[in-house]
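# Structural features, examined
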Number of protein chains: 2
Amino acid sequence: MEYPSKLLTQIVDEISKLPGIGKRTALRLALYLLKQPEEQSKDLSATILKFRSDVKQCKVCHNISDNEVCDICADSRRNHQLVCVVEDVRDVMAIESTGEYKGVFHVLGGKISPIEGIGPDDLTIEALLNRVENRSVDEVIFALSATVDGDTTNFYLFKKLSQLPVSPRISTIARGISVGEELQYADEITLARSILNRVPFEKSIKQH
Amino acid sequence: MEYPSKLLTQIVDEISKLPGIGKRTALRLALYLLKQPEEQSKDLSATILKFRSDVKQCKVCHNISDNEVCDICADSRRNHQLVCVVEDVRDVMAIESTGEYKGVFHVLGGKISPIEGIGPDDLTIEALLNRVENRSVDEVIFALSATVDGDTTNFYLFKKLSQLPVSPRISTIARGISVGEELQYADEITLARSILNRVPFEKSIKQH
């Protein structure tokens, strides 16, 4: 389709570079901005620019941060000997929102994926190994998604961590039936794991 | 959910002001920009700013344009005595993409909608009336969507145009069964209209 203006063509092209946004949605967004006060476009434009140029990666855990070291890593009340390995920032946010985790994180920045051409060197694995070695970490928790790539990454990390002079305890988050989920609708692998990894009943009561 | 960075909170807030984009999608887009070269964010930011500040409305037809007068209105080969009234830019693009229409347009900027608080003064109706009166327009085609608001707007325009000293012919685009559509799946109102507004068979052949 031909656009009636070069400026409109440009903005539609730029917006539709974003994932999950097609030309039609991009056009709708551009026309929306045109109906709103110019202030909104200015704010949006400035915020994008500032975000991309000023946002930092925490040099300890590689989480997104406004400072050199993120708020979690800078918090002395947290247990810095307990490190939870996650894929990206959204996983940190999800775990933080439970309010149950008192350790710190390590953001890998993705998973090892031969198909997508992502190898160990594209992730923050080297940094994790250095961190575990130099900061006397007791336990590393794997909290990657339960996919083929997630499992591959877990195995790779397990091997590397086990080869360290002093290797930490290594655990993974529990897989099982969601709280409130009915057994009959659970998939077989999850159900099987939840039986294999059953916990003492007294322990399950304490968690309430 | 709490974001690990103020800059991230800001960009998520700004992006999720756009219609149809929630906080979760906004977060996904922000993280995407972070993974892309900074150049992409700079381009996006600059394009939004430039679009909003530089794009113009054609002073004749109110279509979006890079200049004072849009390419369609500036084209002397088009029939300026034939004006098609549409709701917004996307309708102009849709009609232009057929390659069949040789007249010009008038972009209303919306429809009269008492529920949404849009009255005649919020649209470019006054400009249309002046245009018809001063530029000796022969025919005005209504091409608004067939909704209650569309019909309301059509009736209002019809009344106003009929009251002009020299009133133009007034027509609406044909409603009927889509080409390729099966009769049994058409809604009753459309089917009824397509029978009432039947065309001589010889005429329908010529259109192929």
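Definitions and cut-offs
Residues numbered from 1 in each chain as written. Chains lettered and ligands numbered in written order. Predicted model: local features only at pLDDT ≥ 70, side-chain atom pairs only at ≥ 80, totals over all residues. Least-squares fit on C-alpha atoms with pLDDT ≥ 70 in both. Contact = placed C-beta atoms within 7 Å. pLDDT = per-residue confidence, 0-100. Helix = DSSP H or I, 4+ residues; strand = E, 2+ residues; numbered from the N terminus. Pairing = 2+ DSSP bridges. Axes fitted to C-alpha atoms, helices over the stretch in contact; angles between N-to-C directions. Buried ≥ 20, exposed ≤ 12 C-beta atoms within 10 Å, placed from the backbone. Arc of directions from axis to C-beta. Domains from an automatic or database assignment. Nonpolar A, V, L, I, M, F, W, Y, C, P; charged D, E, K, R; others polar. Expected span 1.5 Å × (residues − 1). Core = buried A, V, L, I, M, F, W, Y, C linked by C-beta atoms within 7 Å. Parallel < 35°, antiparallel > 145°, perpendicular 65-115°, else oblique. Left-handed = near helix turned anticlockwise from the far one by under 90°.

## Some thoughts on the relation of the copies chain B and chain A
Relative to chain A, chain B is turned by 180° and slid 0.0 Å along the rotation axis, the superposed coordinates differing by an RMSD of 0.1 Å. Such values leave the two copies arranged in the relation of a two-fold axis. The C-alpha atom lying nearest the rotation axis in chain B is that of serine 45 of chain B; the distance is 2.2 Å. Here 100% of the contact residues of chain B are again contact residues in chain A; the copies associate through an equivalent surface.

## Side note on the confidence of the model for chain A
Taken over all residues, the pLDDT of chain A has a mean of 91, while the share at 70 or more is 98%. Interface confidence for the predicted complex, expressed as ipTM, amounts to 0.84; the pTM equals 0.82.

## A word on the environment of serine 53 of chain A
Tracing the chain through its elements places serine 53 of chain A in helix H3 (residues 38-54). With 27 residues separating them in the primary sequence, serine 53 of chain A and histidine 80 of chain A have C-alpha atoms 29 Å apart.

## Digging into the pairing of strand S5 (residues 139-142) of chain A
Pairing analysis gives 4 bridges linking strand S3 (residues 79-86) of chain A to S5 of chain A, with the strands arranged parallel. Across the sheet, leucine 82 of chain A pairs through a bridge with glutamate 139 of chain A, a residue of S5 of chain A.

## Some words on the sheet that holds S5 of chain A
All names here are of chain A. Taken in spatial order, the 4 strands make up an open sheet running S4-S3-S5-S6, and their pairing is parallel. Every other strand in the sheet has two partners, leaving strand S4 (103-107) and strand S6 (169-172) as the edge strands with one partner each. Within this sheet the neighbouring strands show an average axis-to-axis angle of 25°, counted without direction. As paired elements, S5 and S6 share 4 bridges and run parallel to each other.

## What about helix H5 (residues 125-134) of chain A?
All names here are of chain A. Within H5 the residues assigned to the buried category are Ile125, Leu128 and Val132. End-on view of H5: buried residues confined to an arc of 55°, all on one side of the axis. For H5, the exposed residues set more than 90 degrees away from the buried face come down to Glu126, Asn130 and Asn134. Taken together, the buried residues of H5 touch S3, S4, S5 and helix H6 (148-162). Just beyond H5, the residue with positive phi is serine 136, at close to 45°.

## Here we look at the sheet that holds strand S3 (residues 79-86) of chain B
Residues and elements named next belong to chain B. Taken in spatial order, the 4 strands of this open sheet run S4-S3-S5-S6, and their pairing is parallel. Edge strands, defined here as strands with exactly one partner in the open sheet, are strand S4 (103-107) and strand S6 (169-172). Going from strand to strand, the sheet's axes swing by 25° on average, the running direction of each strand aside.

## Description of the domain arrangement of chain A
When its domains are assigned, chain A resolves into domain 1 (6-54) and domain 2 (74-173). One C-alpha centre belongs to domain 1 of chain A, the other to domain 2 of chain A; they are set 35 Å apart.

## A word on the interface of chain B and chain A
Taken together, the contacts link 50 residues of chain B with 50 residues of chain A. Those elements that place two or more of their residues in the side of chain B that touches chain A are helix H1 (6-15), helix H2 (23-35), helix H3 (38-54), strand S2 (64-65) and helix H4 (89-98) of chain B. Per-element tally for the side of chain B that touches chain A: the top contributor is H3 of chain B, with 15 residues. Residue classes in the side of chain B that touches chain A are distributed as 25 nonpolar, 10 polar and 15 charged.

## Some thoughts on H6 of chain A
Residues and elements named next belong to chain A. Here H6 contains 15 residues, and its C-alpha end-to-end distance of 21 Å stays within 8% of the 21 Å for a straight helix at 1.5 Å per residue. When we look at burial in H6, the residues that qualify are Thr153, Leu157 and Leu161. For H6, the arc enclosing every buried residue in end-on projection is 60°, short of the 170-degree limit, so these residues lie on one face. Facing away from the buried side of H6 by more than 90 degrees, the exposed set consists of Val148, Phe155, Lys159 and Ser162. Here the buried face of H6 lies against S3, H5, S5 and S6.

## Quick look at the nonpolar core
In summary, soluble globular proteins display a tendency toward joint burial of nonpolar side chains. One finds Val85 of chain A together with Val85 of chain B to be the most contacted residues of the largest nonpolar core, which totals 89 residues. Non-local contacts of valine 85 of chain A, meaning those with residues more than four positions away in its chain, are made with His106, Leu108, Leu128, Val140, Ile141, Phe142, Ala143, Leu144 and Leu157 of chain A.

## Notes on the environment of lysine 59 of chain B
All names here are of chain B. Secondary-structure assignment places lysine 59 in the loop between strand S1 (56-57) and S2. C-beta crowding within 10 Å serves as the criterion here: with 13 such atoms nearby, lysine 59 is assigned to the partly exposed category. Contacts of lysine 59, omitting those with residues within four sequence positions, involve Glu68 and Val69.

## Some thoughts on the packing of H1 of chain B against H2 of chain B
All names here are of chain B. Closest axis-to-axis distance for the H1/H2 pair is 8 Å, and the angle between their directions is 120°. On the basis of the axis angle, H1 is oblique to H2. Seen from above, H1 lies across H2 with right-handed handedness. Listed contacts from H2 to Leu8, Ile11, Val12 and Ile15 of H1 are Lys23, Ala26, Leu27, Leu29 and Ala30. Partitioned by chemical class, the residues of the contact of H1 with H2 number 8 nonpolar, no polar and 1 charged.

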